Amino acid sequence: MQGIQVLYVSPLAGMSGNGGKEQPFRGIREAQMAVRTMIASGVTGGITVIVQGGSYTLDEPLRFGCEDSDAESCPVIYRNAEGETPELVGGMFLTEWEPHGDGIWTAQVPNGVRFHTLYADGERVAKARMPASGYYHSLSIDEDGRAGIGYREGEFPKGLAAEGIQAYIWPGGGEANWFAETIPVAAIDDVEHKILFKRPSCWGIGEGSRYCLQGSLTFLREPGQFHLDEKAGVLYYRPGSGTPLDQRVVAPLMTRLLDIQGDSEEQRVSGLTITGLTLKCSDFYEDFRMMRDEPGMDNAEPDENRNGMVYMRNVRGIEISHCVIRESGTCGIYLDRCAEEVRLVRNRIERVGHTGIYASGYAPGESDFQDCIAPNQNKGHLITDNVITCGGELVGHGSGIVLYQCGDCDIAYNQILNMPRYGISMKGLRYQVMPAKLWGTAVTWENHASFLFTRNNRIRYNDLSNVMTDSQDGGIIESWGIGRGNVIHGNHLHHSGIHFSFGFGIYLDDASNDVEVTHNVLDHLYQTGEGKLWMAIFSKGIGNRIINNLITDNESECAIGTQEMVGESNRDIVIESNIISNSGHMYCHVNWSEERLAFADRNLYWHGGEAPIVSGELPAPSIGVSKVWGRLYAWESWRELLNGKFDAQTMIAPIGFVDEANSNYQLVPESPAYKLGWEDIDFSKFGPRN
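This report concerns the structure included in the present document. Just so it is clear, the structure is predicted and the values come from calculations on it, not from any experiment.

The biggest cluster of nonpolar side chains holds 97 residues, and the ones touching the most others in it are Ile47, Leu88, Met312, Ile333 and Trp638. When residues of this core are assigned to their parent elements, the largest contribution, 6 residues, is made by helix H1 (residues 28-40). One finds Ala128, Tyr151, Phe156 and Ile205 within the second-largest nonpolar core, a separate group that totals 24 residues.

In any sheet, the strands associate via hydrogen bonds between backbone groups, in a parallel or an antiparallel arrangement. Strand order in this open sheet of 4 strands is E23-E27-E31-E35, and the pairing throughout is parallel. A single partner strand is all that each edge strand has here, and the edge strands are strand E23 (269-270) and strand E35 (378-379). Sheet analysis places strand E31 (residues 339-340) next to E35, joined by 2 bridges and oriented parallel. Looking at the pairing, glutamate 340 lines up with lysine 379 of E35.

Tracing the chain through its elements places tyrosine 461 in the loop between strand E44 (458-460) and strand E45 (463-465). Of the residues examined, tyrosine 461 reaches a relative accessible area of 12% and is grouped as buried. Sequence separation between tyrosine 461 and phenylalanine 683 is 222 residues, and the spatial gap between their C-alpha atoms is 9.1 Å. In this structure, tyrosine 461 is in contact with Tyr413, Asn414, His489, Gly490, Asn491, Lys685, Phe686 and Gly687, ignoring residues within four places of it in sequence.

A few words on the pattern of salt bridges. Applying the stated rule across the entire model yields 42 salt bridges. Measuring nitrogen to oxygen at the nearest pair gives 3.0 Å for the salt bridge that ties arginine 256 to aspartate 259. Of the two residues, arginine 256 and aspartate 259, both sit in the buried class. The partner of arginine 268 in a salt bridge is glutamate 340, with the nearest N and O atoms 3.0 Å apart. Within this pair, whereas arginine 268 is found in the loop between strand E22 (258-261) and E23, its partner glutamate 340 is found in strand E31, the two being separated by 72 residues in sequence. Within the structure, one salt-bridge network assembled from shared partners comprises Glu87, Arg248, Lys280, Arg326, Glu327, Arg348 and Glu350.

Looking now at the environment of proline 171. In this fold, proline 171 is placed in the loop between strand E15 (166-169) and strand E16 (181-189). The class for proline 171 is buried, based on a relative accessible area of 0%. Between the C-alpha atoms of proline 171 and tyrosine 211, which are 40 residues apart in sequence, the distance is 8.8 Å.

This part is about the packing of aromatic side chains. Two measures describe an aromatic ring pair: the distance that separates the ring centres and the angle between the ring planes. On inspection of all chains with the given rule, the structure shows 35 aromatic pairs. For the pair tyrosine 311 and tyrosine 334, a centre-to-centre distance of 6.3 Å together with 15° between the ring planes defines the contact as stacked. Taken as a pair, tyrosine 311 in strand E26 (residues 308-313) and tyrosine 334 in strand E30 (residues 331-336) lie far apart in primary sequence, 23 residues in all. This pair shows no difference in class: tyrosine 311 is buried, exactly as tyrosine 334 is. Ring geometry for phenylalanine 504 against tyrosine 507: centres 4.3 Å apart, planes inclined by 40°, an arrangement best described as tilted.

With glycine set apart, most residues show a phi of negative sign, and most peptide bonds adopt trans. Proline 131 follows methionine 130 through a cis peptide bond whose omega is -5°. One can find proline 131 in the loop between strand E12 (129-130) and strand E13 (136-137). Of note, the phi angle at glutamate 341 is positive, near 55°, even though the residue is not glycine. Inspection of the secondary structure assignment puts glutamate 341 in the loop between E31 and strand E32 (343-345).

Strand order in the open sheet made by the 8 strands is E7-E21-E10-E11-E19-E20-E9-E8, with mixed pairing throughout. Edge strands, defined here as strands with exactly one partner in the open sheet, are strand E7 (91-94) and strand E8 (98-101). Going from strand to strand, the sheet's axes swing by 35° on average, the running direction of each strand aside. Where strand E9 (residues 104-108) lies against strand E20 (residues 234-238), 4 bridges are found, and the strand directions are antiparallel. For alanine 107, the partnering residue across the bridge sits in E20 and is leucine 235.

Criteria and cut-off values
Residue numbering note: each chain is counted from 1, following its sequence as written. It should be noted that, the model being predicted, local features are given only for residues of pLDDT at least 70 and side-chain atom pairs only at 80 or more, the latter also being counted only at that level, while totals for whole chains, interfaces and linings use all residues. Note: side-chain values were computed over all heavy atoms of the structure, leaving out hydrogens and water. Residues belong to one nonpolar core when they are buried, are Ala, Val, Leu, Ile, Met, Phe, Trp, Tyr or Cys, and are joined through side-chain atoms within 4.5 Å. Relative accessibility thresholds used throughout: buried, under 20% of the residue-type maximum; exposed, over 50%; partly exposed, between the two (1.4 Å probe, protein chains only). A run of DSSP states H or I qualifies as a helix once it reaches four residues; a run of E qualifies as a strand once it reaches two. Both are numbered from the N-terminal end. If DSSP finds at least two bridges between two strands, the strands pair. Whether two residues are in contact is decided by their heavy atoms, any of which lying within 4.5 Å being enough. Just to be clear on terms, a salt bridge is a Lys or Arg side-chain nitrogen sitting within 4 Å of an Asp or Glu carboxyl oxygen. Ring geometry is summarised as follows: Phe, Tyr and Trp rings, the Trp one being its six-membered ring, pair when their centres sit within 6.5 Å, and such pairs are stacked at plane angles under 30 degrees, edge-to-face over 60 and tilted between the two. An axis is simply a line fitted to the C-alpha atoms; with a helix, the fit covers only the stretch in contact. Between two such axes, the angle follows the N-to-C directions and lies from 0 to 180 degrees.

Right, here's the structure in full:
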């Protein structure tokens, strides 16, 4: 049988029908079984399942395998009925509430039901915690600092039982707030003021690490929080406003709603499209470990953390489009290890516990591959025109989009905002910490990039704002230990701040080599409190090209910076034809070598007529001390360095914006930037199209 076959599903059907428009299936699983039967019987040409509006509650994930579609003979589409909004809910609605007193309400939950987050009217309800907001700062309890934390007298009530309590903590010894963990507590010592963990933290904690405790009824003091007594099967909830009788309260029951997995890397799911559906309400974990402990597994998620509202592995050519993915305990979408040519188009992903879209390939050396070609299986994705907002609600390093060991992707026209850490991040493994052998091959400097699959990605025309809200030493767009050939082009980074410690706009961190950074606009980046926006663009690595970027109206200490550290080379950087306006000093070279810059010239700088200043550590007479690093150097001293090699044609002149006061950064025709090779940036391209 050929031609597109159509089936219908409705949650309002009195009883399940035959899948026709007048007698629709009552559940999506029934439609799925019918699709499998049709494919097995030889139906070709395609099948469309039209899902009518209403709520479909799930008691387990919808699992799709190779028998559910075939790209070549019978692609399958699950889509919403025109003008209708079907929602798949991964939890149970709680409707029977009793007042408990003092603004707290209770509801019974079935035996064996447990959950680690809760939702009310589309918003996340926090676990009861101390402090109710913000953090305490740890004291050291031992030299290793991984077994637990010390606390101050009076921070917690005496006699507090440890059962059910978790520590949410940023390991790293106070200053390093890169990754967060949630660790179950084993014991609380009232006498020595120690909190001992059920497992060691991944990193040492030490003095000053930020943390809170959660998961005790004693902590339920502030509105907008809950506590689940698992043994008694009682949920305690203190609403932020009103009562739960007037709210739609959902207790999540699973970490995945759609689980799309092929049988193997050779037998993949293909030709499946999910479009126009709303997926909502999934759970978090009792124990969240920030990364695997094995050597060489920096940034590799443990298996138990590899989850998303939509999870895919062993897939090719899957499409998720025009969907709303929200109220997730884990990630919005997780592409695990073997996933190629996935299309994620025009989705809205919001209120997620971890990261909006996470594509995580094979870690260097993972599994028993015989070479470095076979494991390169997470690649070729199109991620475009999505809105990703309010991530990292349960994981402090949650971000908009993360690519780990994932390449050849087009990440374009997305809007990303309200993230505690990165907007977009590319990760791999830097050379200096690579094992001596990977997949049976000796690792050398000459071949090490062949093990790094985060390469040839195109990050373009994205709109990013209000990220780095609760972490430090990161950037709005960031990379670390990546492969070659990545491009960051035409993005708009704006209205985002560094709230404590330090951070950056575009951050090419350790071992970020051969990155092209062009035609980006960075404006209204700021620093507040004790935070320092060190540089708008910071380049470590080798051979990076920073060309034709507009850096304007930022509170950055410096516009562009470089640094060599941890044994990873920083050289052959190109800085050309950039516009820098009211964004701090011209450069900061934290340390310096004569091979640092391959070319630096034809830039346009303006800061109220002041001459540019260079900071860091240069072989030149200084004129003061830098707020960021090292000392300050006069512009002429910089231009005389290496016999006048740098910035001979760079100009100090008003930029010539059309209307800077109203953020119209287009240039008037007589702008001096054009004499320096400036190419206009198309401001209409930022973010989702239409």
